[in-house]
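Breakdown of the fold
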Amino acid sequence: METTAQDVIRQAGAALHHLTMKPLGFKKTGNSWHRPRFGVQIIALQLNKWNTADHASYVLNASVYLPEVAAILGRPAAKKIPREYNAELRRRFSAEPPGEPEAWWQVARSTDSQAVAQQIKGVVETQALPWLERVTDYPALAEALAEQGRTSFAAAAVCHHLAGQPQQAAVCLQCARAWVHPTATPFIDRVARRIGLADPEC
């Protein structure tokens, strides 16, 4: 059977697993890797939904999942192996430098899968892993979530709560109320009640 552009990406993922991810303690499920650290660190290849047999594109996503944070936020429990999209803290790495408009890496049928694997390896080692390794405890996770802004402020408040930092949690809840759409206010209220800050003030 003729190799498709999507096959090239999958072959690159398989090569990446043996080249980099497995030695680092990651386990592979489909196009995703996970390992236990502070929570679960997840790195995943996301294929463009418009991919064809001749041309395909992808980006690299990374995230940190903590079930206790998800529970307080009222999120559905993740399956045994959490997916990248289950996490509150998420980051996308694309073909453009950080801060530039997003661009997906392009792959054709004729692209060398080993070259793609090396390309992904470089992004994992120089961008994804350093970003993940920032998150070593609840305060660090709260800081990273606050950088995401908007509804992530609620998750940041939960992390401060779990770290025993009620004042910082209150500040994050106030920021959440200031940024979210009014329809999301009930969600912020529920989170505030669950962490004992039903009427947060700075």
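Look up: the structure comes first, before these words.
Thresholds applied
Residues numbered from 1 in each chain as written. Predicted model: local features only at pLDDT ≥ 70, side-chain atom pairs only at ≥ 80, totals over all residues. Heavy atoms only, no water. Helix = DSSP H or I, 4+ residues; strand = E, 2+ residues; numbered from the N terminus. Buried < 20%, exposed > 50% of the residue type's maximum accessible area, 1.4 Å probe, protein only. Contact = heavy atoms within 4.5 Å. Areas by Shrake-Rupley, 256 points an atom, 1.4 Å probe, with all protein chains shown as cover. Lys, Arg positive; Asp, Glu negative; His and termini not counted. Charge placed at Lys NZ, Arg CZ, Asp CG, Glu CD. Disulfide = S-S within 2.5 Å. Salt bridge = Lys/Arg side-chain N within 4 Å of Asp/Glu carboxyl O. Axes fitted to C-alpha atoms, helices over the stretch in contact; angles between N-to-C directions. Parallel < 35°, antiparallel > 145°, perpendicular 65-115°, else oblique. Nonpolar A, V, L, I, M, F, W, Y, C, P; charged D, E, K, R; others polar. 1 Å grid on protein atoms, 1.4 Å probe; cavity = no way out; pocket = protein on both sides within 12 Å on 5 of 7 lines; lining within 4 Å. Points joined across faces, edges and corners; volume = space filled by probe spheres on them. Pairing = 2+ DSSP bridges.

Each helix and strand in the chain was counted, giving seven helices and six strands. Written out in order from the N terminus, the α and β elements of the chain read α-β-β-β-β-α-β-β-α-α-α-α-α. Along the longest, intermediate and shortest principal axes, the C-alpha atoms of the chain span 60 × 35 × 30 Å. For the chain, the residues scored as buried account for 46% of the 202 residues in total. Across the chain, every contact between residues at least 6 apart in sequence was considered, and the portion connecting residues at least 24 apart equals 60%. Counting only carbon and sulfur atoms, one obtains 52% of the accessible surface of the chain, whose full area is about 10,500 Å². Taking the 22 positively charged and 18 negatively charged side chains of the chain as two groups, their mean positions are separated by 8 Å.

What is meant by a disulfide is a covalent connection between two cysteines, made through their sulfur atoms. Applying the stated rule across the entire model yields zero disulfides. Here Cys172 is not disulfide-linked; the sulfur of Cys175 is the nearest cysteine sulfur, at 6.1 Å.

A separate point is the pattern of salt bridges. Within this structure, the stated rule accounts for nine salt bridges. A salt bridge links Arg90 to Glu84; its shortest N-O distance comes to 2.8 Å. According to the relative accessible area criterion, Arg90 is partly exposed, its value standing at 37%. For Glu84, a relative accessible area of 8% translates into the label buried.

Here we take up the packing of helix α5 (residues 152–162) against helix α6 (residues 166–179). Packed helix pairs are characterised by how far apart their axes lie and by the angle those axes make with each other. In the contact formed by α5 and α6, the axes pass within 8 Å of each other and the chain directions differ by 170°. Compared by their axis directions, α5 and α6 come out roughly antiparallel. In this structure, α5 contributes Phe153, Ala154, Ala156, Ala157, His160 and His161 to the contact, and α6 contributes Gln168, Ala169, Cys172, Leu173, Cys175, Ala176 and Trp179. Considering only residue class, the contact of α5 with α6 consists of 10 nonpolar, three polar and no charged.

The next subject is empty space enclosed by the protein. Counted by the stated rule, this structure contains one cavity of 30 Å³ or more. There is about 70 Å³ of room inside the largest cavity. Taken together, Val64, Tyr65, Leu66, Val69, Ala70, Asn86, Ala87, Glu88, Leu89, Leu141 and Leu145 make up the full set of residues lining the largest cavity. Within the residue set of the lining of the largest cavity, elements represented by two or more residues are β4 (55–65), α2 (67–73) and α4 (138–148). Its residues assigned to classes, the lining of the largest cavity comprises nine nonpolar, one polar and one charged.

Right, let's talk about the pairing of strand β2 (residues 32–37) for a bit. Note: strand β1 (residues 27–29) against β2, three bridges, orientation antiparallel. By the bridge assignment, Lys28 is partnered in β2 with Trp33. Here β1 folds back onto β2 in antiparallel fashion, the turn holding two residues, of which Gly30 has a positive phi close to 65°. The sheet contact formed by β2 and strand β3 (residues 39–47) spans six bridges and is antiparallel.

Put simply, the largest pocket is a space of about 200 Å³. What lines the largest pocket is Asn31, Ser32, Ala44, Leu45, Gln46, Asn61, Arg83, Glu84 and Tyr85. Ranked by residues supplied to the lining of the largest pocket, first place goes to β3 with three residues. Residues that form the lining of the largest pocket fall into these classes: three nonpolar, four polar and two charged.

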